[in-house]
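Working through the structure, step by step
Residues per chain, in single letters:
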Amino acid sequence: MAVDLERLERVRDVLAMISLGEFDPAQHLIPLGEEDAFSSFEETINLFARQLHASVRENAQSIQKLESARSELEEKLATIEQQRLAIRDLSTPIIELWDNILTLPIVGVMDTQRSVEMTERLLQRISQGKARCAIIDITGVEVVDTATANHFVKMVAAARLLGTHCVITGISPFIAQTLTQIGVELRGVKTLATLRDGIQECLLHLRNNSALRAFEASSGQRS
């Protein structure tokens, strides 16, 4: 059958608009006028264009919802991370008790991850403030086993590598008895009963070091 060129161009234009993603049913549908064999094809093209346009809109809406959900999830994860860091800071506060004296009060159960985080935070504070003494107070620790004791030893050793005098306080009679029973010896680690004892030990250490430096300075001047 003979088809007018203008009708073929309208079909071509609709398909072109669809391929470019610019099809709008309100503007680009093929006008149906003549009732012939080709009009059913035009109708089919219109139906296809409408359905495709509807599918594209639904996909766009779905993608928009997914993007919104992703953004919301990222915000929630960021909030959770901030809360985790805040809880970590609250659970392992490092307090400056005196000039050059820091204390790390530990409460609860010690595990490897928490030990690593505590050690990192303690070493960071020592480096920032050049603290010369640190007190690890375990008054709030109810259970001490071999692994926990090893965590404390490593923490003290790491602080000493930065030139900081480090002691452990809060050794209760129960914990002392437990460590003895399981055969743990805190060799080379200064342990004291109370935080007050730890402060006195650190003050004495600072005074002795000051006196030693003053003596060395005077000796150097005389020589």
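Let me sum up the structure you'll find in this document.

One open sheet accounts for 5 strands, arranged β1-β2-β3-β4-β5; its pairing is mixed. Here the strands that pair on one side only, and so sit at the sheet edges, are β1 (95-98) and β5 (190-192). Averaged over all adjacent pairs, the angle separating strand axes in this sheet is 30°, with direction ignored. Bridge count between β1 and strand β2 (residues 101-107): 3 bridges; the pairing is antiparallel. Across the sheet, Ile-95 pairs through a bridge with Thr-103, a residue of β2.

This part takes up unusual backbone geometry. Backbone geometry places Asn-100, a non-glycine residue, at a positive phi of 70°. In this fold, Asn-100 is placed in the loop between β1 and β2. A relative accessible area of 26% places Asn-100 in the partly exposed class.

Let us look at the nonpolar core. Ranked by internal contacts, the top residues of the largest apolar core, which has 27 residues, are Ile-106, Ile-136, Ile-138 and Ile-168. Counting residues per element, the ones that place at least two in this core are β2, α4 (112-129), β3 (133-140), α5 (146-161), β4 (165-169) and α6 (173-181). By residue number, the principal contributor to this core is α5, which donates 5 residues. When near neighbours in sequence (up to four residues on either side) are disregarded, Ile-138 contacts Ile-106, Phe-152, Ile-168, Thr-169, Gly-170 and Ile-171. Judged by nonpolar contacts, the second largest core, of 9 residues, contains Val-11, Ile-18, Ile-30 and Ala-49.

Turning our attention to the pairing of β3. Of all 8 residues in β3, 6 are buried, a share of seventy percent or more. The parallel pair β2 and β3, bridged by α4, forms a crossover whose chirality is right-handed. When β3 meets β4, the two strands line up parallel, connected through 5 bridges. Bridging across to β4, Ile-135 finds its partner in Val-167. A crossover connection joins β3 to the parallel β4 through α5; in handedness this β-α-β unit is right-handed.

Procedures and definitions
- Residues numbered from 1 in each chain as written.
- Predicted model: local features only at pLDDT ≥ 70, side-chain atom pairs only at ≥ 80, totals over all residues.
- Heavy atoms only, no water.
- Pairing = 2+ DSSP bridges.
- Helix = DSSP H or I, 4+ residues; strand = E, 2+ residues; numbered from the N terminus.
- Axes fitted to C-alpha atoms, helices over the stretch in contact; angles between N-to-C directions.
- Buried < 20%, exposed > 50% of the residue type's maximum accessible area, 1.4 Å probe, protein only.
- Core = buried A, V, L, I, M, F, W, Y, C linked by side-chain atoms within 4.5 Å.
- Contact = heavy atoms within 4.5 Å.
- Right-handed = clockwise from strand over helix to strand, strands pointing away.

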